[in-house]
Amino acid sequence: MAEQKNILFETKDGILYLTISRESKLNALNFNTLEELKNIFNEVNDNRSIRGVIITGAGEKAFVAGADINEISELNELNARKFAEFGQEVFEIIESCHKPVVAVVNGYALGGGCELAIACHMRIATTNAKFGQPEVNLGLIPGYGGTQRLTHLIGRTKATEILMTGDMLDANEAKALGLLNHVEATKEEAIARAEEILKKIMSKAPLSIGMIVDCINAVFANDENGYQIEANSFARCVKSEDYREGTTAFLEKRKPNFKGE
Ligand code: COA
């Protein structure tokens, strides 16, 4: 994987650890950081040695405190549309990734940071996490899919309140609304919980995990029939070697050895 300027990465035991690393700006997402995310995720799907991803923010104070306000204070109508479409494209690549992606949310996840967290497949927060879409305070609205994903995730009633007031939620409030999978006291514990979940998923058939991503995403795609995608994916599973291995291992009373083929 090519070196990136704003995102630190390392791979250990099949997990790619990404750290958004602009700590002096509370890890705000500037254009270059978004582009780096895009490059990284384009590689994740093709790289067989990466089986899961954890995204977190550098330091203890913020996951990501939003899009970089220095960059979004000078937009015109044309480049504003491009700005939003590019962010939507990058977050859609993350949401569609065939490897499980977990956000470990330490501190502020605001604006584009909240949108990044909810584009990931799962979210584990620390008790000091704060979620919000404060764009209305800037005369803006979310542009990286936040109005859509937040509404899908927690329902219209609470999403409307959060998007219109710009209020922040703490970790327990966010968990109660279904925004989070787990809350842990510290970043270390949140990462350990993410690793525990990813290791369990990594012991399953990799092709099945990718198809589950496609089927869940189809629930929210207006132009797709999710039941049809489920049936097609189910049918594709039975052509895989892992299907033979999984069913045979069960009948032979042994653990399966999946290869992702
Ligand atoms: N874009 C660019 N810079 C940002 C940023 C953002 N989204 N969020 C924080 N920063 C910068 C601050 O400008 C400051 O930089 P400086 O030290 O060079 O002045 C630094 O990060 C630290 O932030 P600061 O505001 O001093 O910290 P705080 O603890 O007082 O407040 C927040 C923390 C998160 C409440 C506050 O930074 C904030 O409201 N950020 C903007 C959140 C937002 O509106 N996001 C949506 C953008 S679309």
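Now for a description of the structure that goes with this document. Everything numeric here is computed off the predicted structure, so don't read it as measured data.

## Topic: helix H4 (residues 112–119)
For an α-helix, 3.6 residues make a turn, and residues three or four places apart therefore share a direction.
1) Next: With respect to burial, H4 is a largely interior element, eight of its eight residues being buried.
2) Next: Among all positions of H4, only Gly112, Gly113, Cys114, Glu115, Leu116, Ala117, Ile118 and Ala119 are buried.

## Description of a nonpolar patch on the surface
1) Next: A contiguous nonpolar patch, built from Ile212, Ile216, Val219 and Phe220 and spanning about 390 Å² of accessible area, is present on the exposed surface.
2) Next: Residue position: Val219 is located in helix H9 (residues 206–219).

## What to know about the environment of Glu184
1) Next: Note that Glu184 resides in strand S10 (residues 182–184).
2) Next: Here Glu184 falls in the buried class, since its relative accessible area comes to 15%.
3) Next: Along the sequence, Glu184 and Gly112 sit 72 residues apart, while their C-alpha atoms lie 23 Å from each other.
4) Next: The residues touching Glu184, leaving out its near neighbours within four places in the chain, are Ile124, Ala125, Thr126, Thr127, Glu189, Ala190 and Arg193.

## Focus: the sheet that holds strand S4 (residues 62–64)
Where strands meet in a sheet, backbone hydrogen bonds hold them as pairs that are either parallel or antiparallel.
1) Next: Pairing is mixed across the open sheet formed by four strands, whose spatial order is S4-S6-S8-S9. This sheet does not close on itself; its edge strands, each paired only once, are S4 and strand S9 (169–170).
2) Next: Two elements, S4 and strand S6 (residues 108–110), share two bridges in a ladder whose sense is parallel. Across the sheet, residue Val64 finds its bridge partner in S6, namely Ala109.

## Overview of the pairing of strand S1 (residues 7–12)
1) Next: Bridge count between S1 and strand S2 (residues 15–20): six bridges; the pairing is antiparallel. Along S2, the bridge assignment pairs Leu8 with Thr19.
2) Next: Between S1 and S2, which pair antiparallel in sequence order, lie two residues; one of them, Asp13, sits at a positive phi of approximately 50°.

## So, the site of the ligand
1) Next: Contacts to the ligand come from 17 residues, most closely from Lys25, Lys61, Ala65, Ala67 and Ile69.
2) Next: Between the ligand and Ser24, the relevant distance is 3.4 Å, taken from an oxygen atom to a main-chain nitrogen or oxygen of the residue.
3) Next: Ile69 places a polar main-chain atom, nitrogen or oxygen, 2.9 Å from a nitrogen atom of the ligand.
4) Next: Notes on the ligand: free accessible area 860 Å², of which the protein chains cover 61%.
5) Next: Only helix H2 (69–72) and S6 provide two or more residues apiece to the shell around the ligand.
6) Next: Among the residues forming the shell around the ligand, the class breakdown is ten nonpolar, three polar and four charged.

Conventions we followed
- Residues numbered from 1 in each chain as written.
- Predicted model: local features only at pLDDT ≥ 70, side-chain atom pairs only at ≥ 80, totals over all residues.
- Heavy atoms only, no water.
- Buried < 20%, exposed > 50% of the residue type's maximum accessible area, 1.4 Å probe, protein only.
- Helix = DSSP H or I, 4+ residues; strand = E, 2+ residues; numbered from the N terminus.
- Patch = residues over 30% accessible without salt bridge, like charges linked within 9 Å, V, L, I, M, F, W, Y side chains within 5 Å.
- Areas by Shrake-Rupley, 256 points an atom, 1.4 Å probe, with all protein chains shown as cover.
- Salt bridge = Lys/Arg side-chain N within 4 Å of Asp/Glu carboxyl O.
- Contact = heavy atoms within 4.5 Å.
- Pairing = 2+ DSSP bridges.
- Near = heavy atom within 4 Å.
- Polar contact = N/O pair within 3.5 Å; in protein donor to acceptor, adjacent residues only side chain to side chain.
- Nonpolar A, V, L, I, M, F, W, Y, C, P; charged D, E, K, R; others polar.

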